Each structure stands twice: as C-alpha cells, then as structure tokens.
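# Report on the structure
Residue-level listing of the chains:
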Amino acid sequence: MTNRMEGSSAPGAKANGPIAAPSSPTSSKIGPPLSPEDLDDGPQSSLTDVTQMWITFVKTFAIIFPIYVLGYFEFSFSWVLIGLAMLFYWRKNHGTKDYRINRALAYLDHEDKVLKQSVPTSDLPPW
C-alpha cells in the first residue's frame, strides 16, 4: 500500500473524497420555484410592521388587563370561574331553545322559497 499526498491523488478526487462538479453560472440564476412560505418571507412595509405590532399589543392587553382589574378590585379568580360555570349552564339549558326556534323559522322560510319556485304563480290561489 502506498501513501499518497494530496497533490498526487487521482484526477477528480480529493484526499477526503471526490470533488464536487463545478457549477455553471446559468444554474445559479435558475432555481426551483419558490413555495408560498418563501414568498411571505420577503421584506414588509413599515406600515405592515406597525399594524402587526399594534395587533399583538392589543391581544396581549386584552388578556392581561382583566386579570389586573380582578386583582385591583380584590376579586378572587374563583368568582370568574363561578360566573363562567353559570353562563355555560344557562347556555346548555336555555340557549338551545333559541336555536330550535331559529331552525324552525329557517325551515319555514326555505319551504316558502321552494314552493314559490316549484309552483307557477297561475296555480296559486288569489289570496
């Protein structure tokens, strides 16, 4: 076995492995099409940045402010949980009544529309 030096290796191979093929200048200009995620990473206007910053601030404020108010007025968080439990209980027992009435009214409206479309006006009674 002979030890070869870097300069004495076979053409097309390095001491640590084969050489990468040289890239042509045209291949770097043309690449695969960009995905929608890559297009969104482009530069944004300062107005968009400011708008997103304010939206984030308002969302954070809407989450933190009620907690601050509860602490300021020395309310226990358990009162909030009791209030939510009462709201969900009321919705479960009474909220469906409105849903049933609205569903029945929607059915009657749909029935009227279907009837008016399927029956010619000359066949309808005069009243």
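Below, the structure is looked at part by part. Please read all numbers here as calculations on a predicted model, not as lab measurements. (Residues numbered from 1 in each chain as written. Predicted model: local features only at pLDDT ≥ 70, side-chain atom pairs only at ≥ 80, totals over all residues. Heavy atoms only, no water.)

## Focus on the overall build of the protein chain
Filter applied, for reference: Helix numbering and strand numbering both begin at the N terminus, where a helix is a DSSP run of H or I of at least 4 residues and a strand a DSSP run of E of at least 2. Three labels apply to residues, based on accessible area from a 1.4 Å probe with only protein chains included: buried if under 20% of the type maximum, exposed if over 50%, partly exposed otherwise in between. Calculation of accessible area relied on Shrake-Rupley with a 1.4 Å probe; when residues are assessed, cover is drawn exclusively from the protein chains displayed.
Secondary structure assignment for the protein chain yields 4 helices and 0 strands. Traced from its N-terminal end to its C-terminal end, the protein chain shows the element sequence α-α-α-α. When the 127 residues of the protein chain are sorted by exposure, 0% land in the buried category. Counting only carbon and sulfur atoms, one obtains 66% of the accessible surface of the protein chain, whose full area is about 12,500 Å².

## Re the packing of aromatic side chains
Our working definition: Centres within 6.5 Å are what make two rings of Phe, Tyr or Trp a pair, Trp counting through its six-membered ring; a difference in plane orientation under 30 degrees is then read as stacked, over 60 as edge-to-face, and the rest as tilted.
One pass over the full model with this rule turns up 6 aromatic pairs. Ring geometry for F57 against F61: centres 6.2 Å apart, planes inclined by 25°, an arrangement best described as stacked. With a gap of 4 residues between them, F57 and F61 both fall in helix α3 (residues 46-72), about one helical turn apart. Residue class for F61 comes out partly exposed when judged on its relative accessible area of 46%. Residues Y72 and F73 carry aromatic rings whose centres are separated by 5.2 Å and whose planes lie at 80° to one another, so their mutual orientation is edge-to-face. For Y72, a relative accessible area of 56% translates into the label exposed. Of the aromatic side chains, those joined through ring pairs into one cluster are W54, F57, F61, F65, Y68, Y72 and F73.

None of the figures reported here should be taken as evidence of function without further support.
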